[in-house]
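As a plain string of letters, each chain reads:
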Amino acid sequence: MRVVIIGSGAGGLSTASNIRKYNKEIEIIVITKDKYVAYSPCAIPYVLSGKIKSFDEIIMHDIEYYLDKDINILTETEVIEISPTKNLIKYKRLDDTKIKELKYDYLVIATGGIPAVPPIPGVNLEGVFTVRTLEDGIKIKKWAENCEHATVIGAGLIGIEMAYGLKHLIPEVDIIEMASQVVPRSLDPEMAKIIQKYLEKLGVNVLVGKTVKKIIGEKRVNAVKLNNKKINTDMVLLATGVKPNISLAKKAGIKIGKWGIKVNEKMQTSVRNIYAVGDCVEVKDFITGENTLSPLGSTAVRQAKVAAKNIIGKKCRFRPVLNAMVSRIGNLEFGSVGMTEINAKYHNIEAVCGMSKALTRARYYPGAERIYVKIVCNKDGKIIGCQVIAKEGVSERIDAMSIAISQHLKCSDLCEMEFSYAPPLSTVVDPFVPACEEIVEKLQNG
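Just so it is clear, the structure is predicted and the values come from calculations on it, not from any experiment.

> Looking at this model, I keep getting lost on the side chain of Asp430. Mind explaining?
Looking at where Asp430 falls in the secondary structure, it is placed in the loop between α11 (411-415) and α12 (432-444). Polar contacts involving the side chain of Asp430 include one to the main-chain amide nitrogen of Phe432, which spans 2.9 Å. Excluding anything up to four places from it in sequence, Asp430 contacts Arg397 and Phe419.

> Sorry if this is basic, but what is going on with the environment of Pro184 here?
By the secondary structure assignment, Pro184 is in the loop between β11 (172-177) and α6 (189-201). Look at Pro184 and you get partly exposed, because its relative accessible area is 34%. Remark: the alpha-carbon pair of Pro184 and Ile342, spanning 158 residues in sequence, is separated by 9.2 Å. Not counting residues within four places of it along the chain, the set of residues in contact with Pro184 comprises Ala155, Glu177 and Ala179.

> What am I meant to see in the UniProt feature "domain: Pyridine nucleotide-disulphide oxidoreductase dimerisation" (unreviewed entry) in the protein here?
UniProt records the feature "domain: Pyridine nucleotide-disulphide oxidoreductase dimerisation" (unreviewed entry) at residues 331-428, using the numbering of this structure. Strand forms 32% of residues 331-428 and helix 24%; the C-alpha atoms that close the span are 24 Å apart.

> Would you explain the domain arrangement of the protein in this entry?
Interface size is commonly expressed as the accessible surface area that is lost when the partners come together. Under the domain assignment used here, the protein contains domain 1 (2-113 + 243-311), domain 2 (128-240) and domain 3 (331-444). Between domain 2 and domain 3, the C-alpha centre-to-centre distance is 30 Å. In this complex, domain 2 contributes 14 residues to the contact, which on the side of domain 3 involves 16 residues. A combined buried area of about 1300 Å² lies between domain 2 and domain 3, and 69% of that area is made up of carbon and sulfur atoms. The largest contributions to the domain 2 side of the interface with domain 3 come from Asp188, Met191 and Tyr198, which together make up 45% of the buried area. Where domain 2 touches domain 3, the interface holds two salt bridges.

> Would you explain the sheet that holds strand β7 (residues 106-109) in this entry?
To summarise the sheet geometry, strands pair through backbone hydrogen bonds and adopt either a parallel or an antiparallel arrangement. The strand order β3-β2-β1-β7-β18 describes an open sheet built from five strands, whose pairing is parallel. Of all the strands in the sheet, the pair left with one neighbour each is β3 (71-74) and β18 (274-276). Taken pair by pair, the neighbouring strands of this sheet meet at an average axis angle of 20°, ignoring direction. Of the strands in this sheet, β1 (2-6), β2 (27-31), β3 and β7 touch helix α1 (residues 10-22), which is tilted by about 170° from β2. Contacts from helix α8 (residues 297-311) reach β1, β7 and β18 within the one sheet, and its direction differs from that of β18 by about 165°.

> Looking at this structure, I do not really get the sheet that holds strand β6 (residues 100-103). What am I missing?
On the basis of which strands lie adjacent, the open sheet formed by three strands has the order β4-β5-β6 and antiparallel pairing. One side of each edge strand has no neighbouring strand; the edge strands of this open sheet are β4 (77-83) and β6. The sheet shows a mean angle of 30° between the axes of neighbouring strands, direction not considered. In terms of strand pairing, β4 meets strand β5 (residues 88-93) through six bridges, oriented antiparallel. Bridging across to β5, Thr77 finds its partner in Arg93.

> For this particular structure, what's the right way to read the pairing of strand β12 (residues 204-208)?
Every regular strand shows the same layout, with side chains that alternate between the two sheet faces. Two strands pair when backbone bridges link them, and β11 and β12 are joined in this way by five bridges, in the parallel orientation. In the strand pairing of β12, Ile176 is matched with Leu207. Regarding the hand of the β-α-β motif, the stretch spanning β11, α6 and β12 is right-handed.

> Sorry if this is basic, but what is going on with the environment of Glu190 here?
By the secondary structure assignment, Glu190 is in helix α6. Along the sequence, Glu190 and Asn245 sit 55 residues apart, while their C-alpha atoms lie 34 Å from each other. The residues touching Glu190, leaving out its near neighbours within four places in the chain, are Glu341, Met355 and Lys374. In terms of polar contacts, Glu190 uses its side chain to reach the side chain of Lys374, at 2.6 Å.

> When you look at unusual backbone geometry in this model, what are you seeing that I'm missing?
Negative phi is the rule for most residues except glycine; trans is the rule for most peptide bonds. Its identity as a non-glycine residue notwithstanding, Asp70 has a phi of 60°, on the positive side. Here Asp70 lies in the loop between α3 (63-68) and β3. Phi is positive for Asn323, close to 55°, though the residue is something other than glycine. Residue position: Asn323 is located in the loop between α8 and β21 (325-329). You can call Asn323 partly exposed: its relative accessible area is 26%.

> I tried to follow the pairing of β21 on my own but got confused; where do I start?
Of the two faces of β21, only the one carrying Met325, Ser327 and Ile329 is buried; Val326 and Arg328 on the other face are not. Pairing between β21 and strand β22 (residues 332-338): five bridges, direction antiparallel. Looking across to β22, one finds that Met325 is bridged to Ser336. If you look at the hairpin formed by β21 and β22, you'll find two residues sitting between the two strands, and Gly330 has a positive phi there, around 60°.

> Sorry, what's going on with the UniProt feature "domain: FAD/NAD(P)-binding" (unreviewed entry) in the protein here?
When the UniProt feature table is mapped onto this chain numbering, "domain: FAD/NAD(P)-binding" (unreviewed entry) sits at residues 1-303. Helix makes up 23% of residues 1-303 and strand makes up 27%, while its end C-alpha atoms are separated by 21 Å.

About the cut-offs
- Residues numbered from 1 in each chain as written.
- Predicted model: local features only at pLDDT ≥ 70, side-chain atom pairs only at ≥ 80, totals over all residues.
- Heavy atoms only, no water.
- Helix = DSSP H or I, 4+ residues; strand = E, 2+ residues; numbered from the N terminus.
- Polar contact = N/O pair within 3.5 Å; in protein donor to acceptor, adjacent residues only side chain to side chain.
- Contact = heavy atoms within 4.5 Å.
- Buried < 20%, exposed > 50% of the residue type's maximum accessible area, 1.4 Å probe, protein only.
- UniProt positions renumbered as here; feature names shortened; annotations may be inferred.
- Domains from an automatic or database assignment.
- Buried area = accessible area lost by both parts, 1.4 Å probe.
- Salt bridge = Lys/Arg side-chain N within 4 Å of Asp/Glu carboxyl O.
- Pairing = 2+ DSSP bridges.
- Axes fitted to C-alpha atoms, helices over the stretch in contact; angles between N-to-C directions.
- Right-handed = clockwise from strand over helix to strand, strands pointing away.

Here it is in structure tokens:
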């Protein structure tokens, strides 16, 4: 049996590795346009900041590692057509025009996402970048070494992480965001304000509620034009989101949903022997039951395990997502899981919220840091979202709340729950509790 996988990101290579883990006989071929494989694109900002010494360090495995596992990887190679009725693909090397054919028993589409480039005049000028691959990161770092000013368009996760990284290479960095806050998809305004103030404290200039009308330059960028001002700049980074790379699947007649490739809980597409994983597929939201996107490496890896098990005959299903995320800029960590208050209102969910400002350790213990918690519940008191900001311990709390939401816990349950305590590690009253108590009181008072 032969399994062909299109894409070498977290979804594609994890599928290959999991198939091999459970079956030593299946022929596995991975085809990718990338030059490098098995690297972490999430780590690119931290190479720019110098926290990670070089791009070599974020490459986890080389081609030989996979060859030793009898996984064949064709790099710098593009699949140009899928023929579901014939169970074959057509592909070619990027540096060649010769088209080859390859038969498969199972096909896995892991084509990931592509940068969503806004229709701004000047996006094709030299010095304008998107960031998606390791090669993108290398080009950005090389260009930045001769810059005095950089402009990042978009203040989502990638935007602010890249802005922080670039600040270590370039004296002046601006972030321009058309929404009225940073990280609009994951944080509510009062939490986003904490992140914005911290960025500004680090020397990053944040402009929210602004739109870039034009990128100015003859051959290379030299300025960006906003509604009422012009900013001179040496480089522009477009951090304006990612959209699913669905062109191959669509051309092959595979069903596409509102957001991406439609799959069932086994990660099967509308064609039984074709699976899809990662940023190119749409998934079900745990809270709303609606289809959505989950462009996270952790999601891709979970989907890969599900697809691999089903391909080899083990029953496994992918569950709806909460899109738990965490990030870190400088010494500040932040994360969210489930719905924000704004998102709840957008979906006509009556949200009741509670906030707490506490400490990560006992107040008398050295190194205690401020922690901010916001919990979002529905009118029945069931937890549907949480946001946390602190200089330590954010990831663990987001994971805990992911479990709480997935188990349909209410705020009243958390108020009565047992939490661990030791002065160097935590406070005698967990920061979740005051936020939950505020919600319980609001619900009791109508």
